[in-house]
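Structure assessment
The chain contents come next:
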Protein chains: 2
Amino acid sequence: DDLHDGRPLQDHIEDPFVSDPVRDSRLRKMTEKPCNAETPADELADSFLTPNDVFYVRNHMWVPVVEHNEADSYGITVELPDGGTRTYTIGELKSRFKQYAVTAVLQCSGNRRNDMTRYAKKTNGLQWTVGAISCAKWEGVRLREVLADAGLSLSDPGEDAQHVQFSGLEAYGASIPITSAIDPRGDVLLAFKMNDEPLPPDHGFPVRVIVPGHVAARCVKWVNKIIVSDEESNTTWQRKDYKCFGPNETKQDWDKYKSIQVMPITSAITRTRLKKPAAVTEQDNKPETRVVQLEGYAYSGGGREIQRVDVSLDGGETWDQARLIDDANLELGSKTWCWKRWVYEGALPKGRGDAKTTFVVKATDDAYNTQPETHKSIYNLRGNLATAWHRVDFNPSRMENGK
Amino acid sequence: DDLHDGRPLQDHIEDPFVSDPVRDSRLRKMTEKPCNAETPADELADSFLTPNDVFYVRNHMWVPVVEHNEADSYGITVELPDGGTRTYTIGELKSRFKQYAVTAVLQCSGNRRNDMTRYAKKTNGLQWTVGAISCAKWEGVRLREVLADAGLSLSDPGEDAQHVQFSGLEAYGASIPITSAIDPRGDVLLAFKMNDEPLPPDHGFPVRVIVPGHVAARCVKWVNKIIVSDEESNTTWQRKDYKCFGPNETKQDWDKYKSIQVMPITSAITRTRLKKPAAVTEQDNKPETRVVQLEGYAYSGGGREIQRVDVSLDGGETWDQARLIDDANLELGSKTWCWKRWVYEGALPKGRGDAKTTFVVKATDDAYNTQPETHKSIYNLRGNLATAWHRVDFNPSRMENGK
Ligand SMILES: [Mo]
Ligand SMILES: [Mo]
């Protein structure tokens, strides 16, 4: 019974989260209202495309309700620097524009923030571990083609067209540089589908922006307004939250640094298994020789491809290379917008059969960018871009074989 | 007397370097034949655009001789995947095509290799310190417009057009991906001028390729042949030398990794001056308080802009930010292809007035890429991309004030 004296119950009025969807129990909830939940590490390891049900959720507010039968008439208004506006319904975007499919990782700027807290010091923000990242196939129309249709010159957008601002039904907003928005190889989409299904409510139904290679905070969900402007979006998420200061900069002069857009390289270990003892050979016949199998991901923004993943079983003293899983047959788009999953098997360091050690992973992309070694060196109060080498302490005596 | 019995002296015949230009004595010579010489650190600090005379020289062979009166009739042959060729004289390129000016850093993949040797272990290659990098203004025609004129479709180059190969008069050769070659914002030039003068012989007179944001090894000098192909250039400089393996990979499987193209972020301290003691204040009236001034550069490839330079006077324990010098009025081009010079002044760590310490610099670009902490972690046999934090040991007792 939702009515009380003929009016809705007070708590229903005051709780905009009442219509939030039911979430999969496997998601690791950080907060309930708004919903912030990371993908469990096992699921990250298990598939190149993260299933919709366990794709990480990063909401800044409630989930706006749009019914499926309202989707085609849902409108997005585009405003150009001259003040002119043009409103497109999703029905029109689906029928009049070419549809594109792109596979791309989305990653929160706070992914692995908990590592920065543990290895450096306290950070302000959701304490994500390795699961504020996921990968999906997105389908929709190209933003650049919609902007051109609305009247923007792609060859010469003009001095007044520096940023493209997005806002969503629930009031979240952010922007991207015009160069990203109109890059013919940038693959920026207004997306209606996620892994061959309509967008789930948590991921922006009926339409969200996808900016491949950029921080997920720019991929505005439930988008209903797009403004081409000489300024960045005026929201706190654009001008304040998503920036990194130096390790010593406790006073944050927000105008000093640029908003996070293209993401730097990162990697993580998502699963560690102690295998049965390796086959006893003449060279190495100690019964305590044990083999460990590590799995994980590596990702770099800007369409840069991961080309090498280095793994250390001894805390970073010595290195070996992981095998990169070839998922090329699943990749779609103009650049490499996805992660590489990787697997590594190796014997635990000699003489450490029962001793503690630390597993480490670091990756290198095709521009030979690599990760910083310590969180201390990239520490920032907000704990953004915690991309240092990922370390997992390992204590064999506390682990069973096969898991 | 160059003749002996009516023929050139034998050593002149056998020495292709005999016509190499006389070089400025300030250049720090690594090898004479071929000439490899780095820009002195003081000159790097002194100007945004490196003067031609002290621009670092990295030659793989001798300097081909082209007389100034031959320049206009000098030909460059362009070959497309269908086998068709078209030869352009420089005279035609100058008269028929739009001329562009771009400012860009060139940097050898071996810049700072000597640091990797000192801090990790032996590397094979020229032991450059911080001076295998310079910045200049380049003028010429856009490669993409020449390729289009020769018949290549820029909107759909086709599957056979994956790489653009360059070769020079002296036999050096290299290639870049087609996407870099035809990127409308890539600013790839066939350049005739350097800092408002004709290219000096050491830098490719009468024409060289400039690929901003990429390793200088792709910026082929004395270029006379351009081939659009489905393959990379077949030279050792393309397929072997310019790659980075993992720290453990002593056996180099050349096909395993990609050729270096877009450069990762780096930085260096180019000048250290001990200033007079800081003004004595009530808070800090120890006479031994001394102020040090550091200068340097920071650079990232791919058109990414440096946005923060962190300096430590205590070996990386604590950090402060350098002041970035604003040279924006000198910058030309579609992206940020240049370095940022920086200056830092700070008091030597308390209680270390006369003790040794280590100055450290690291930089962050606008995609929040940063440098690795140690050369050990990025060690490779060839000593390529030695981009770790730059460290300079400082011993105040061995330094005079003001220098
Ligand atoms: Mo985020
Ligand atoms: Mo080089």
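That block above? That's the structure.
In this report, we go over the structure that sits alongside the text.

Definitions and cut-offs
- Residues numbered from 1 in each chain as written.
- Chains lettered and ligands numbered in written order.
- Predicted model: local features only at pLDDT ≥ 70, side-chain atom pairs only at ≥ 80, totals over all residues.
- Heavy atoms only, no water.
- Helix = DSSP H or I, 4+ residues; strand = E, 2+ residues; numbered from the N terminus.
- Rg over C-alpha atoms; globule rule 2.2 N^0.38 Å.
- Buried < 20%, exposed > 50% of the residue type's maximum accessible area, 1.4 Å probe, protein only.
- Contact = heavy atoms within 4.5 Å.
- Lys, Arg positive; Asp, Glu negative; His and termini not counted.
- Charge placed at Lys NZ, Arg CZ, Asp CG, Glu CD.
- Arc of directions from axis to C-beta.
- Pairing = 2+ DSSP bridges.
- Least-squares fit on C-alpha atoms with pLDDT ≥ 70 in both.
- Buried area = accessible area lost by both parts, 1.4 Å probe.
- Salt bridge = Lys/Arg side-chain N within 4 Å of Asp/Glu carboxyl O.
- Polar contact = N/O pair within 3.5 Å; in protein donor to acceptor, adjacent residues only side chain to side chain.
- Nonpolar A, V, L, I, M, F, W, Y, C, P; charged D, E, K, R; others polar.

As for the overall build of chain A
For chain A, the count of helices and strands is seven helices and 23 strands. Relative to the compact-globule value of 22 Å for 403 residues, chain A shows a C-alpha radius of gyration of 23 Å, a close match. Each principal axis of the C-alpha distribution contributes one length, and for chain A these read about 75 × 60 × 45 Å. The buried share among the 403 residues of chain A stands at 58%. Looking at chain A alone, contacts between residues at least 24 apart form 70% of all its contacts between residues at least 6 apart. Within chain A, the 59 negative side-chain charges are centred at a point lying 5 Å from the centre of the 52 positive side-chain charges.

Digging into helix 5 (residues 143-150) of chain A
All names here are of chain A. Buried within helix 5 we find Leu143, Arg144, Val146 and Leu147. Summarising the axial view, the buried residues of helix 5 lie within an arc of 160 degrees, below the 170-degree limit, and thus occupy one face. One or two residues past the end of helix 5 sits Gly151, with phi positive at roughly 120 degrees.

Some thoughts on the pairing of strand 21 (residues 340-347) of chain B
Note on strand geometry: in a regular strand, side chains alternate between the two faces of the sheet. Residue and element names in this part refer to chain B. Counting buried residues along strand 21, six of its eight residues qualify, which places the element largely inside the surrounding structure. Here eight bridges tie strand 17 (residues 290-299) to strand 21, and the two strands are oriented antiparallel to one another. Of the residues in strand 21, the one forming a bridge with Glu295 is Val343. Direction of pairing for strand 20 (residues 323-324) relative to strand 21: antiparallel, over a ladder of two bridges. Bridging across to strand 21, Arg323 finds its partner in Val343.

Here we look at the pairing of strand 22 (residues 357-365) of chain A
Residues and elements named next belong to chain A. Within strand 22, nine of the nine residues are buried, leaving the element largely enclosed by the surrounding structure. The side-chain alternation of strand 22 yields two buried faces, one formed by Thr357, Phe359, Val361, Ala363 and Asp365 and the other by Thr358, Val360, Lys362 and Thr364. The pairing of strand 18 (residues 306-312) with strand 22 spans six bridges and is classified as antiparallel. The residue of strand 22 that forms the bridge with Ser312 is Val360. Pairing geometry for strand 22 and strand 23 (residues 390-394), over five bridges, is antiparallel. Bridge pairing links Thr357 to Phe394 in strand 23.

Some points on the relation of the copies chain B and chain A
In the superposition of chain B on chain A (RMSD 0.0 Å, axial shift 0.0 Å), the rotation amounts to 180 degrees. Taken together, the rotation and translation describe the operation of a two-fold axis. Across chain B, the smallest distance between a C-alpha and the rotation axis is recorded for Pro372(B), namely 2.3 Å. Looking at chain B, 100% of its interface residues are interface residues in chain A too, so the copies touch through the same face.

Points about the interface of chain B and chain A
Listed per partner, the contact involves 43 residues of chain B and 43 residues of chain A. Between chain B and chain A, a total of about 3,200 Å² is buried, with carbon and sulfur atoms accounting for 48% of that surface. When the buried surface of chain B facing chain A is broken down by residue, Lys258(B), Arg308(B) and Tyr368(B) rank first, second and third, together holding 19% of it. Run the count over chain B and chain A and you get six salt bridges. Lys258(B) is the partner of Glu305(A) in a salt bridge, and the nearest nitrogen-oxygen pair spans 2.8 Å. Viewed at the interface, chain A and chain B are joined by 22 residue pairs in polar contact (both at pLDDT 80 or more). Of all the elements in the fold, those that place two or more residues in the side of chain B that touches chain A are strand 18 (306-312) and strand 19 (320-321) of chain B. For the side of chain B that touches chain A, the element with the most residues is strand 18 of chain B, which contributes three residues. Partitioned by chemical class, the residues of the side of chain B that touches chain A number 16 nonpolar, twelve polar and 15 charged.

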